[in-house]
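Now for the letters of each chain:
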Amino acid sequence: EVTQDMIQAACRNSTLEPLQFLLSKNKAVSISYNILHAAAGNEEVGDQMLVLLLERCKATLLDEWLLLLAMSNKKLGVELTKLLLAKAGEAILPITTDVLEAAAENKYIGETLIEEFLKDSKEWKLHPDVATAAVRNRYSPVEVLTLILKTDEHLEITMDTIIAAAGNPQYAQELLYLILSHDPNIKITPKVINAAAENEQSGFDVIQSLWRLRSE
């Protein structure tokens, strides 16, 4: 008899065939949360596995933790996220601030995830922490923050966001320029200078730019 443990083990395989075979031998086996968890973490064929599994499970089994795991899959995160959202719908799986923060900080697919989450036409009122998460992104912070500010033009930029931007190793200059373009009235405080001073990669250039701004 095919068991849940067998199905879960098959979801850790880099090929789809073991899962297909086991599912064909027991069409009544119930799909557990742990099985979905294993599929969501599979970087090779997790999306194909999830298609098969979601046909057999209830949407109420899906939750934010599973969505966050799917988003962290650096190869298939976008595809997995789309599958989960399509199955669950916003009533069961709403896009929370925690989800948006995780997407904004995702260094592999953050820009694409944010585009996916914010693509509908509703008027988003984003939490400032989403912007802070975006500037912590090491690979595409400027692109992610630009998308966020386009979505919510009135988003408050907090001191936490500015300090995190000043500390971004590679993109501090561009991020601070973008932030100050969004809100020219932002004050450059000593804490911002401190963050720039600790920036190993681009701190000197950032400090010079900030010092000029403080003097204007």
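Criteria and thresholds
Residues numbered from 1 in each chain as written. Predicted model: local features only at pLDDT ≥ 70, side-chain atom pairs only at ≥ 80, totals over all residues. Heavy atoms only, no water. Helix = DSSP H or I, 4+ residues; strand = E, 2+ residues; numbered from the N terminus. Buried < 20%, exposed > 50% of the residue type's maximum accessible area, 1.4 Å probe, protein only. Contact = heavy atoms within 4.5 Å. Lys, Arg positive; Asp, Glu negative; His and termini not counted. Charge placed at Lys NZ, Arg CZ, Asp CG, Glu CD. Disulfide = S-S within 2.5 Å. Arc of directions from axis to C-beta. Phe/Tyr/Trp six-rings, centres within 6.5 Å; stacked < 30°, edge-to-face > 60°. Axes fitted to C-alpha atoms, helices over the stretch in contact; angles between N-to-C directions. Parallel < 35°, antiparallel > 145°, perpendicular 65-115°, else oblique. Nonpolar A, V, L, I, M, F, W, Y, C, P; charged D, E, K, R; others polar. Polar contact = N/O pair within 3.5 Å; in protein donor to acceptor, adjacent residues only side chain to side chain.

(A) Representation of the overall build of the protein chain in the model. Scanning the protein chain from N- to C-terminus turns up 14 helices and 0 strands. In sequence order, the secondary structure elements of the protein chain are arranged as α-α-α-α-α-α-α-α-α-α-α-α-α-α. If you line up the protein chain on its principal axes, its C-alpha atoms span 75 × 35 × 20 Å. Expressed as a percentage of the 216 residues in the protein chain, the buried residues total 47%. In the protein chain, 72% of the contacts between residues at least 6 apart in sequence involve partners at least 24 apart. Distance between charge centres in the protein chain, computed from 20 positive and 31 negative side chains, equals 4 Å.

(B) Here's a closer look at the environment of K191. Here K191 lies in helix α13 (residues 190–197). Sequence-wise, K191 and M159 are 32 residues apart; in three dimensions their C-alpha atoms are separated by 8.7 Å.

(C) Spatial organisation of the state of the cysteines. Applying the stated criterion across every chain yields a total of 0 disulfides. Cysteine C11 is unpaired, with the sulfur of C57 as its nearest cysteine sulfur at 11 Å. With a relative accessible area of 0%, C11 lands in the buried category.

(D) Structural context of helix α2 (residues 17–25). Among the residues of α2, those classed as buried are L19, L22 and L23. Taken down its axis, α2 places every buried residue within 100° of arc, on the same side. Those residues of α2 that are exposed and angled more than 90 degrees off the buried face are E17 and K25. Those residues of α2 that are buried lie in contact with α1 (4–10) and α4 (46–54).

(E) Spatial organisation of the environment of I179. Within the element layout of this structure, I179 appears in helix α12 (residues 172–182). When residues no more than four places from it in sequence are discounted, the contact partners of I179 are V135, L145, I157, T161, I162, A165 and I186.

(F) Region of interest: the packing of aromatic side chains. Counted according to the given criterion, the structure contains 1 aromatic pair. When the ring of Y108 is compared with that of Y139, the centres are 6.1 Å apart and the planes differ by 90°; the resulting orientation is edge-to-face. On the criterion of sequence distance, the pair formed by Y108 in the loop between α7 (97–105) and α8 (110–117) and Y139 in the loop between α9 (128–135) and α10 (141–151) is long-range, its members being 31 residues apart. Judged by its relative accessible area of 48%, Y139 falls in the partly exposed class.

(G) Broad picture of the environment of E43. On the secondary structure map, E43 appears in the loop between α3 (33–40) and α4. The spacing of E43 and K75 is 32 residues in sequence and 5.6 Å in space, taken between C-alpha atoms. Once residues within four sequence positions are removed from consideration, E43 is found in contact with N73, K74, K75 and L76.

(H) Region of interest: the packing of α12 against helix α14 (residues 203–215). Between α12 and α14, whose axes approach to 9 Å, the crossing angle comes to 25°. Comparing the axis directions of α12 and α14 gives the class roughly parallel. For the pair α12 and α14, contact is made by A172, Q173, L176 and L180 and by D205, V206, S209, L210 and L213, respectively. Its residues assigned to classes, the contact of α12 with α14 shows 6 nonpolar, 2 polar and 1 charged.

(I) Focus on the side chain of N106. Mapped onto the secondary structure, N106 falls in the loop between α7 and α8. Discounting residues that sit within four places of it in the chain, N106 has contacts with M71, S72, L113 and N137.

(J) Layout of the side chain of N168. Relative to the assigned elements, N168 resides in the loop between α11 (159–166) and α12. A distance of 3.1 Å separates the side chain of N168 from the backbone oxygen of N137, its partner in a polar contact. Each residue touching N168, except ones within four places of it in the same chain, is listed here: V135, R136, N137, P141, L175, N199 and S202.

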